[in-house]
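In case you want the letters, here they are:
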2 protein chains.
Amino acid sequence: MMSPRGAAGVDPSVPAPVVELVGLAAYTELAEFGLLAARSVDAPDLATRQALADGADRALARQRALLALVSADDGVVPGVVGATVMAPFDHALADFDARTDTEDWSEGLLKGVVGHGVAQDFCRVLAGGLGGSSGRAVRQVLERPAPGPEAGADAGADAEAIWLLARLAAADDVLSSRLALWGRRVVGEALGVVTALLGRRPALVELAAEAAARSGADLGGGSGGDDAVRSWLVARLTGEHTRRMDRMRLAA
Amino acid sequence: MMSPRGAAGVDPSVPAPVVELVGLAAYTELAEFGLLAARSVDAPDLATRQALADGADRALARQRALLALVSADDGVVPGVVGATVMAPFDHALADFDARTDTEDWSEGLLKGVVGHGVAQDFCRVLAGGLGGSSGRAVRQVLERPAPGPEAGADAGADAEAIWLLARLAAADDVLSSRLALWGRRVVGEALGVVTALLGRRPALVELAAEAAARSGADLGGGSGGDDAVRSWLVARLTGEHTRRMDRMRLAA
């Protein structure tokens, strides 16, 4: 249970790009669990504590659904296949965490919303590059809105966090400005993580290129290569980030 | 969503002692979620991080099952009924947390196992004092073993934590002695919380007295009153604690 052993627990018939993306997405959900749970532990009141715990719970539910897609055995302990497919991404967020460390509760919450938002959008864009039925299955899990008190556009593990931040920002102009500034810093670091990951994992660049091609994106006549793919991807992620900040009434 | 409003979300036909005990037990599970999640966030490796996250998840699953027992509406947002019934116990663990604060990861993990163990045993003993079908339902949820990698005697949200601690202690005699000492300190503080709660919530003393009577306990011919009930309860909790420490091969 304590260490990944080769492809322990992974269904050998699942294509490698699917395993790669599921590993990244599962790691993303585990990170989101941690960010929401930590803000639950030091929440200012009981209802907030519960709401963020419920959000953390939904991050793990999505992670389980993702891991089930690549698991060799329905009865497998989730930890085994999880440790295997997430291993390549272990420590991927250590730099991000260190650079966006904060003692402020609402900044910590926004860090989770922005960081996880970028990571999840990244996974969704990449999933557009997966073919076949397993690709469809991954997209279904990633697009699936998790049930929550504010279900709808914001449904997901961070639904409560988004709602809480919007409420805090609406009540306090000074905080709102500070959070907007903080959001810009966090998104910059998050996009840095994405760029670093693309540099280390060529399979992710291939998925991004395939996703761009399938979406009919104009990448400068194909002459731009990886750089054009990267720019297209960052533009997509920045656009989604802006929409998310808008929903919290924070200037992106 | 942010503040309990009277008996918001609570089924009015549920007897008051059931609501009281469900509130305490639900709060216990939320606390356990926080303790396990915090040790997941700073876990030494990915597999441990996942294992403790899964444990935290099971604490919330049990909490949901408890809250469903007193909820007025199947579709109610869990946070509403949860905030209502847990409110009397909010901050009940603040002293415990402050007195058992530690920077050491394994001590933090043991704090969760010991503290939550005592709290859960407390709830189980009290549940023995509940009558009727709703009492049976509460007992069923509290006794239900949660599925886990080491299911069996230790099944529950802290199954992984118990397993990890037993493994760490077995590999390191110095750590084992330190943890044994730490466990004694934590259980002392945890029993202090129980005693303080009994002082503040007469309904809990009544439940304990009823549980003692139903279990056929000899409380000194009934002349001891509340003190005899308290002693009987503390003896029960200490006994369960000793068994739990034994399972981790730690001297109680």
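Small disclaimer: the values here were computed from a predicted structure and weren't measured.

Asks: Honestly, the relation of the copies chain A and chain B in this entry has me stumped. Any pointers?
Replies: Each of the two chain copies can be brought onto the other by rotation about an axis and movement along it. After a rotation of 180° and a shift along the axis of 0.0 Å, chain A superposes on chain B with an RMSD of 0.0 Å. Considering both components of the superposition, the chain copies are consistent with a two-fold axis. Most of the interface of chain A is mirrored in chain B, where 97% of its interface residues again form contacts.

Asks: Could you clarify how one ought to interpret the interface of chain A and chain B in this entry?
Replies: The extent of an interface is frequently quoted as the accessible surface area lost upon association of the parts. Listed per partner, the contact involves 35 residues of chain A and 35 residues of chain B. The junction of chain A with chain B conceals about 3,000 Å² of combined surface from both sides, 69% of it contributed by carbon and sulfur atoms. In this structure, the connection of chain A to chain B is made through 2 salt bridges. Linking chain A with chain B are 4 residue pairs in polar contact (both at pLDDT 80 or more), by the criterion used here. Sorting the residues of the side of chain A that touches chain B by element identifies helix H1 (16-41), helix H2 (46-70), helix H3 (78-86) and helix H7 (159-170) of chain A as the ones contributing at least two each. In terms of residue count, H2(A) provides more of the side of chain A that touches chain B than any other element does, 13 residues in total. Grouping the amino acids of the side of chain A that touches chain B by side-chain chemistry returns 21 nonpolar, 6 polar and 8 charged.

Asks: Could you clarify how one ought to interpret the nonpolar core in this entry?
Replies: General note: in soluble globular proteins, nonpolar side chains tend to be found buried as a group. The biggest cluster of nonpolar side chains holds 154 residues, and the ones touching the most others in it are Phe33(A), Phe122(A), Phe33(B) and Phe122(B). Each residue touching Phe33(B), except ones within four places of it in the same chain, is listed here: Phe33(A), Ala37(A), Ser40(A), Ala53(A), Ala56(A), Ala56(B), Ala59(B) and Leu60(B).

Asks: Explain the pattern of salt bridges here, please?
Replies: Two side chains bearing opposite charge may form a pair once their charged atoms approach each other closely. Under the defined criterion, the tally for this structure stands at 25 salt bridges over all chains. Asp57(A) is the salt-bridge partner of Arg64(B), the closest N and O atoms lying 2.8 Å from each other. Taken together, the residues Arg64(B) in helix H2 (residues 46-70) and Asp57(A) in helix H2 connect one chain to another. In this structure Asp57(A) comes out as buried when scored by relative accessible area, which is 8%. If you follow the salt bridges from partner to partner, you end up with Asp104(A), Glu107(A) and Arg178(A) in one network.

Asks: Looking at this model, I keep getting lost on the packing of aromatic side chains. Mind explaining?
Replies: The geometry of an aromatic ring pair is captured by two quantities: the separation of the ring centres and the angle between the planes. With the rule as written, the count across this model stands at 1 aromatic pair over all chains. Here the aromatic rings of Phe33(A) and Phe33(B) are separated by 6.1 Å at their centres, their planes lie at 80°, and the arrangement is edge-to-face. Of the two residues, Phe33(A) sits in helix H1 while Phe33(B) sits in helix H1 (residues 16-41), which places them in two different chains. Per residue, the accessibility class of Phe33(A) equals that of Phe33(B), and both read buried.

Asks: Mind showing me how you'd approach the packing of H1(A) against helix H6 (residues 132-143) of chain A here?
Replies: Helix-helix packing is described using two parameters, namely the angle between the two axes and the distance between the axes. All names here are of chain A. At a minimum axis separation of 10 Å, H1 and H6 run at an interaxial angle of 15°. With respect to H6, the element H1 is oriented roughly parallel. Regarding H1 and H6, the two cross each other, and that crossing is left-handed. The residues of H6 that touch H1, namely those facing Val18, Leu21, Val22 and Ala25, are Ser134, Val138 and Leu142.

Asks: Whenever I open this one, the side chain of Arg49(B) confuses me. Can you help?
Replies: By secondary structure assignment, the location of Arg49(B) is in helix H2. With no salt bridge to any partner, buried Arg49(B) finds its closest opposite charge in Asp90(A), at an N-O distance of 4.6 Å. Once residues lying within four places of it in the same chain are set aside, the contact partners of Arg49(B) are Tyr27(A), Leu30(A), Ala31(A), Ser40(B) and Ala43(B).

Asks: For this particular structure, what's the right way to read unusual backbone geometry?
Replies: Trans is the prevailing form of peptide bonds, just as negative phi is the prevailing case for residues other than glycine. We note that Arg249(A) has phi near 60°; this positive angle belongs to a residue other than glycine. Judged by its relative accessible area of 68%, Arg249(A) is exposed.

Asks: What is the right way to look at the packing of H1(A) against H1(B) in this model?
Replies: As a packed pair, H1(A) and H1(B) sit with axes 9 Å apart at the nearest point and diverge in direction by 130°. If you check the angle between H1(A) and H1(B), you find them oblique. The two elements H1(A) and H1(B) cross, and the hand of that crossing is left-handed. Contact residues: Phe33(A), Gly34(A), Ala37(A), Ser40(A) and Val41(A) in H1(A); Phe33(B), Gly34(B), Ala37(B), Ser40(B) and Val41(B) in H1(B). Split into classes, the residues belonging to the contact of H1(A) with H1(B) amount to 6 nonpolar, 4 polar and no charged.

Asks: What exactly am I supposed to notice about H6(A) here?
Replies: Because each turn of an α-helix spans 3.6 residues, side chains separated by three or four positions in sequence point in the same direction. Residue and element names in this part refer to chain A. With 12 residues, H6 extends 17 Å from end C-alpha to end C-alpha; this agrees with the ideal 16 Å at 1.5 Å per step. Inspection of H6 places Gly135, Val138, Val141 and Leu142 among the buried residues, and these make up the whole buried set. Projected onto a plane normal to the axis of H6, the buried residues spread over an arc of 125° and lie on a single side. Relative to its buried face, H6 has exposed residues pointing more than 90 degrees away, namely Ser133 and Gln140. Buried residues along H6 sit in contact with H1, H2 and helix H5 (105-127).

Rules used in this analysis
Residues numbered from 1 in each chain as written. Chains lettered and ligands numbered in written order. Predicted model: local features only at pLDDT ≥ 70, side-chain atom pairs only at ≥ 80, totals over all residues. Heavy atoms only, no water. Least-squares fit on C-alpha atoms with pLDDT ≥ 70 in both. Contact = heavy atoms within 4.5 Å. Buried area = accessible area lost by both parts, 1.4 Å probe. Salt bridge = Lys/Arg side-chain N within 4 Å of Asp/Glu carboxyl O. Polar contact = N/O pair within 3.5 Å; in protein donor to acceptor, adjacent residues only side chain to side chain. Helix = DSSP H or I, 4+ residues; strand = E, 2+ residues; numbered from the N terminus. Nonpolar A, V, L, I, M, F, W, Y, C, P; charged D, E, K, R; others polar. Core = buried A, V, L, I, M, F, W, Y, C linked by side-chain atoms within 4.5 Å. Buried < 20%, exposed > 50% of the residue type's maximum accessible area, 1.4 Å probe, protein only. Phe/Tyr/Trp six-rings, centres within 6.5 Å; stacked < 30°, edge-to-face > 60°. Axes fitted to C-alpha atoms, helices over the stretch in contact; angles between N-to-C directions. Parallel < 35°, antiparallel > 145°, perpendicular 65-115°, else oblique. Left-handed = near helix turned anticlockwise from the far one by under 90°. Lys, Arg positive; Asp, Glu negative; His and termini not counted. Expected span 1.5 Å × (residues − 1). Arc of directions from axis to C-beta.

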